[in-house]
Amino acid sequence: MDDLFKLENRTALITGSAQGIGKEIALTLAKSGANVVINDVNREAAEATVDEIRACGVKSEAVIADITDSSSVNEMIKTVTEQFSTLDILVNNAGIAKDGYIMRMSDEQWDIVLNINLKGAFNCLRAVTKPMFKQRSGAIVNISSVIGVMGNVGQVNYSASKAGLLGVTKTAAKEFAPRNIRVNAIAPGFIRTAMTEALPEEIQKKYLEGIPLKRYGTTNEVANLVHFLVSDASSYITGQVIHVDGGLIM
Ligand code: NAP
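Quick look at the structure, then. (Residues numbered from 1 in each chain as written. Predicted model: local features only at pLDDT ≥ 70, side-chain atom pairs only at ≥ 80, totals over all residues. Heavy atoms only, no water.)

### Describing the side chain of Ser159
Part 1 of the argument: Inspection of the secondary structure assignment puts Ser159 in helix α6 (residues 156–176).
Part 2 of the argument: Residue contacts for Ser159: discarding those within four places in its chain leaves Ile147, Gly148 and Gly151. (Helix = DSSP H or I, 4+ residues; strand = E, 2+ residues; numbered from the N terminus. Contact = heavy atoms within 4.5 Å.)

As structure tokens, this is what we get:
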């Protein structure tokens, strides 16, 4: 592998990484030599993922913390910096969907999605400034969605949270650049995971019609882009939103 893609001696924290896209990102970064901290609310799944990561020959720990709670997040970052000497990479991946039409959407549906997808990412971003500013280096990737760019019927809460994340990305990229910390966002399209398997079949079919590459994406295709964005191969890229969507949005 080209040296530019190597992540040895770097520590990556990935939120919501016990399963799905986050787990694939964790494994991909570990295979490039990064030590990986698995954050999730699901302890059993997180610990199973840690075992898989350690099998790649790197250090890994699970930190169970709800990212909507800023004091738990601050505690998590403290734990990570105590156990690993640096914190070089943050991937804000944890996210949920609670779909419903605007006229029927409850306050609870709105609040939980905005709290996890947007405030949770902000809590982590703010907390990593301490170690990363001190180090004067870092790479952050926020996992947004094409839905944050184009909107979607029945997903007002999800699209608002993912669009919000793009604003967060650009502001953080500007604020952190003087400290040599890069911040980018990825907007995946339709990726095969538990989240998308749960969508009604007719909606899945409708999405496929609009995808020029005529297939759904894989978690690996998202993870490969994260790898690029946190590696030295992308050292002059910050504040960008990169789509992994088979051409859905051009
Ligand atoms: P997933 O399989 O549901 O994984 C998300 C993980 O985050 C779960 O393990 C979940 O735990 C955890 N989590 C939920 N709330 C949390 C909290 N408050 N604190 C910490 N962890 C929490 O989802 P995915 O499909 O891999 O999606 C990952 C990211 O990609 C999300 O941000 C999603 O919006 C985005 N995305 C996905 C697609 C797609 O097609 N799948 C497309 C575009 C963007 P529990 O399951 O125990 O709640």
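### Some thoughts on the sheet that holds strand β5 (residues 138–143)
Part 1 of the argument: In spatial order, the strands read β3-β2-β1-β4-β5-β6-β7; together these 7 strands make up an open sheet with parallel pairing. Edge positions in the open sheet fall to β3 (60–64) and β7 (241–244), since each of these has one partner strand only. When strand polarity is set aside, the average angle formed by the axes of neighbouring strands in this sheet is 20 degrees.
Part 2 of the argument: With respect to the sheet, helix α2 (residues 43–54) is in contact with β2 (35–40) and β3, its orientation differing from that of β3 by roughly 165 degrees.
Part 3 of the argument: Running over the sheet, helix α4 (residues 107–135) touches β4 (89–92), β5 and β6 (181–188) and is turned about 175 degrees from β4. (Pairing = 2+ DSSP bridges. Axes fitted to C-alpha atoms, helices over the stretch in contact; angles between N-to-C directions.)

### Some details on the packing of aromatic side chains
Part 1 of the argument: Considering all chains together, one arrives at 4 aromatic pairs under this definition.
Part 2 of the argument: Arranged with centres 5.3 Å apart and planes meeting at 85 degrees, the rings of Phe133 and Phe176 form a pair that is edge-to-face. With Phe133 in helix α4 and Phe176 in helix α6, this residue pair connects regions lying 43 residues apart in the sequence.
Part 3 of the argument: Looking at Phe133, the relative accessible area reads 24%, which means it is partly exposed.
Part 4 of the argument: The class for Phe176 is buried, based on a relative accessible area of 6%. (Phe/Tyr/Trp six-rings, centres within 6.5 Å; stacked < 30°, edge-to-face > 60°. Buried < 20%, exposed > 50% of the residue type's maximum accessible area, 1.4 Å probe, protein only.)

### Let's talk about the pairing of β3
Part 1 of the argument: Where β2 and β3 come together, 5 bridges link them in parallel fashion. Paired with Val36 across the two strands is Ser60, which belongs to β3.
Part 2 of the argument: Tracing the backbone out of β2, into α2 and back to the parallel element β3 gives a crossover that is right-handed. (Right-handed = clockwise from strand over helix to strand, strands pointing away.)

### Digging into the environment of Gln109
Part 1 of the argument: For Gln109, the location among the structural elements is in helix α4.
Part 2 of the argument: Excluding its chain neighbours within four sequence positions, the residues that come into contact with Gln109 are Lys98, Asp99, Gly100, Arg104 and Asn157.
Part 3 of the argument: A polar atom in the side chain of Gln109 sits 3.0 Å from the backbone nitrogen of Ser106. (Polar contact = N/O pair within 3.5 Å; in protein donor to acceptor, adjacent residues only side chain to side chain.)

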